[in-house]
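Summary of the model geometry
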Amino acid sequence: YYYHPWGWSSQAAHWAMIFSHYAMKYGVREEDLGAVARQVRNHAARNPNAIMQTPFSIDEYMASRYIVRPLHLLDICLVNDGAVCLIVRRADQARHMAKVPVDVAGWGEAKIRNRKLDQMVRQQLRPQLAEAGGQAFAMAGLNQSDIGHFEGYDAGSIHLINQIEGYGFVPQGEGVAFCLAGGMDLTGRLPSNTEGGNLSCSYMHGWSQVAETVRQLRHEAAPRQVAGVRYAMTSLAQTDQAHPIIYARGDA
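Residues numbered from 1 in each chain as written. Predicted model: local features only at pLDDT ≥ 70, side-chain atom pairs only at ≥ 80, totals over all residues. Heavy atoms only, no water.

Of the two faces of strand β7 (residues 149-152), the one lined by H149 and E151 and the one lined by F150 and G152 are each fully buried. The pairing of β7 with strand β8 (residues 231-237) spans four bridges and is parallel. Residue pairing for β8: F150 is matched across the bridge by M233. (Buried < 20%, exposed > 50% of the residue type's maximum accessible area, 1.4 Å probe, protein only. Helix = DSSP H or I, 4+ residues; strand = E, 2+ residues; numbered from the N terminus. Pairing = 2+ DSSP bridges.)

What follows is the structure in structure tokens.
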């Protein structure tokens, strides 16, 4: 396997700036952020299709080499070959298929228009995440407490925290602590990136995370299944834009 080539330069520097500012503002340490990559890897260990399945300790995380200080090798996503297939059809037609359909319940979109460095680094894309998330929740008629499974675009470990905070699942500055407390685990309040994400499963530009959401909502994801999940959210949040989608199990 290889880590993404842009992870060695501009993008890694981008995530490093974000985490440096976050760490200074909220008193978060490198090893605390390591818990995010470790949690995602623990999910990948339950996925036979994940590229990286071997769990690691925080000591092993800290011993891994820096890419751009303070980010370590394990904070940066993979690069790989692969494929994902999704079949989309009208909801009324999907009701007659063999498997439980998964409905697209809501979506949103927002981009940075100005002051790009300030909004990407100092504000961690929060204005765009809040705007796009608000659109998606309003369209779906749901709120954060309804979402039982989340798949965030984790090109860097800190970016998964950006999204959990930016969409309002936890208050600003509490995302890493939320992970440390088990909030992103299968039995936590918001099981996140359960297939292993871009960090450990595969880097498929977010498409594999949509497929994982379908598996979760169909209750086909054992041994990493989130019990009783009915609503889920994916987030393709790039450096300057956010594209969340909310899904619902279609047998209600």
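Moving on: the packing of aromatic side chains. In total, this model carries five aromatic pairs according to the counting rule given. Look at Y22 and Y26: their rings are 4.9 Å apart centre to centre, the planes differ by 55°, and that puts the pair in the tilted class. Pair noted here: Y22 and Y26 are both in helix α1 (residues 10-26), with a separation of four residues, about one helical turn. Classification of Y22 by relative accessible area gives buried; the value is 0%. Among the aromatic residues, those joined into a cluster by ring pairs are F137, F150, Y167 and F169. (Phe/Tyr/Trp six-rings, centres within 6.5 Å; stacked < 30°, edge-to-face > 60°.)

Now for the packing of α1 against helix α7 (residues 157-166). Viewed as axis vectors pointing N to C, α1 and α7 meet at an angle of 60°, and their least axial separation amounts to 9 Å. Relative to α7, the element α1 is oriented oblique. Considering only the axes of α1 and α7, their crossing is left-handed. Residues W15, I18, F19 and Y22 of α1 form the contact with α7, whose participating residues are I158, H159, I161, N162 and E165. Among the residues making up the contact of α1 with α7, the classes are represented as six nonpolar, two polar and one charged. (Axes fitted to C-alpha atoms, helices over the stretch in contact; angles between N-to-C directions. Parallel < 35°, antiparallel > 145°, perpendicular 65-115°, else oblique. Left-handed = near helix turned anticlockwise from the far one by under 90°. Contact = heavy atoms within 4.5 Å. Nonpolar A, V, L, I, M, F, W, Y, C, P; charged D, E, K, R; others polar.)

Here we take up the environment of K99. Looking at the element boundaries, K99 is found in the loop between α4 (91-94) and β5 (102-107). Distance in space between the C-alpha atoms of K99 and E30 is 43 Å, their sequence separation being 69 residues. Sequence-distant contacts of K99, defined by excluding residues within four places in its chain, comprise R218 and E220. Within the structure, the side chain of K99 is placed 3.4 Å from the side chain of E220, a separation counted as a polar contact. (Polar contact = N/O pair within 3.5 Å; in protein donor to acceptor, adjacent residues only side chain to side chain.)

With that out of the way, let us pick up the confidence of the model for the protein chain. In this model, the protein chain carries a mean pLDDT of 93, and residues with pLDDT of at least 70 account for 96%. A low-confidence stretch, residues 1-8 stays under pLDDT 50, and its non-local contacts, those more than four residues away or across chains, total 30 contacts. (pLDDT = per-residue confidence, 0-100.)

Following the sequence through the fold, V84 ends up in the loop between β4 (78-79) and α4. Put simply, V84 and I161 are 77 residues apart on the chain and 25 Å apart in space, counted from C-alpha to C-alpha. Each residue touching V84, except ones within four places of it in the same chain, is listed here: M204, W207, S208 and A211.

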